[in-house]
Amino acid sequence: MVKAILREVDPKTMTRRVAGLEEINQYPDEWLLKTILPDGRYWFQHPQGEKTYLYNDYPKPRYQVGDHIWVKETWAYYPASLPEENRILYKADTLDGIHSRLTDITKWRSGRFMFKKYARLWLEVLAVKAEITKDISLEDAIKEGFKSVKEFLDYFIKLNGKDSIKQWCFAYTFKMLK
């Protein structure tokens, strides 16, 4: 989705994550979002009051409004003869992974293993909300980089499995920092 963030027209400005909601997502239909506490934790309550969380157990999003986060993306080293700042290639800048400077001695590396110092994309979190993934609005699907809710949900299911759209997630709105 790096290419969607880099788009000049309708860039991606929202993303969803389920991290921190694992316990609630074991039975997502059984929980209601009651309120957001002053420290950023989300208070979920069982509709019949049978289950509750202690204060310290309330889920808190990994990122808060104002946080700056760096984007990990698929990358490669170019041979050592160049200065370090010119040695990093980004797959999002290529056409189907083919780069004019990429040789057979260079291989693409997963974004999971990208060093922070090589990050070229930094985002600032503007808003955070919790919602069930399938309840996404058309406006939010467009912010996610898709043309419709169906297109977003189909992609989300492909990545995370059929039941994933029934789960709670944290939706982060962001802007790219220059």
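Before reading further, recall that the structure is shown in the block above.
Our subject in this report is the structure included herewith. (Residues numbered from 1 in each chain as written. Predicted model: local features only at pLDDT ≥ 70, side-chain atom pairs only at ≥ 80, totals over all residues. Heavy atoms only, no water.)

## Some words on the overall build of the protein
Stage number 1. Secondary structure assignment for the protein yields three helices and eight strands.
Stage number 2. Across the protein, helices and strands are ordered from the amino to the carboxyl terminus as α-β-β-β-β-β-β-β-α-α-β.
Stage number 3. Taken over 178 residues, the protein has a buried fraction of 37%.
Stage number 4. Considering only residue pairs separated by 6 or more positions, the protein has 65% of its internal contacts joining residues 24 or more positions apart. (Helix = DSSP H or I, 4+ residues; strand = E, 2+ residues; numbered from the N terminus. Buried < 20%, exposed > 50% of the residue type's maximum accessible area, 1.4 Å probe, protein only. Contact = heavy atoms within 4.5 Å.)

## Description of unusual backbone geometry
Stage number 1. Non-glycine residue D10 carries a positive phi angle of around 50 degrees.
Stage number 2. Following the sequence through the fold, D10 ends up in the loop between α1 (2-6) and β1 (14-17).
Stage number 3. Using a relative accessible area of 53% as the deciding quantity, one classes D10 as exposed.

## Some words on the nonpolar core
Stage number 1. Within the largest apolar cluster, 20 residues are counted, with the highest numbers of intra-cluster contacts made by F44, W168 and F170.
Stage number 2. Listed by contribution, the elements that provide at least two residues to this core are α1, β3 (42-45), β7 (122-132) and β8 (168-177).
Stage number 3. Ranked by residue count, the leading element in this core is β7, at five residues.
Stage number 4. Contacts of W168, omitting those with residues within four sequence positions, involve V18, L21, I24, N25, P28, W31, L33, F44, A130, E131 and I132. (Core = buried A, V, L, I, M, F, W, Y, C linked by side-chain atoms within 4.5 Å.)

## Regarding the pairing of strand β2 (residues 32-36)
Stage number 1. Here β2 pairs with β3 via four bridges, running antiparallel. Each residue of the ladder has a partner; that of L33, found in β3, is F44.
Stage number 2. In this structure, the hairpin formed by β2 and β3 is closed by a connection of five residues, where G40 is found at a positive phi of approximately 95 degrees. (Pairing = 2+ DSSP bridges.)

## Comments concerning helix α3 (residues 149-160)
Stage number 1. Taking 1.5 Å per residue, 12 residues should reach 16 Å; α3 reaches 16 Å between its end C-alpha atoms and fits that length.
Stage number 2. Taken residue by residue, α3 has F152, L153 and F156 as its buried positions. With its buried residues spanning 95 degrees around the axis, α3 presents them on a single face. Seen from the open side of α3, the exposed residues pointing more than 90 degrees away from its buried face are K150 and K158.
Stage number 3. If you follow the buried residues of α3, they end up packed against β1 and α2 (138-143).
Stage number 4. In the stretch just after α3, G161 is the one whose phi turns positive, near 100 degrees. (Expected span 1.5 Å × (residues − 1). Arc of directions from axis to C-beta.)

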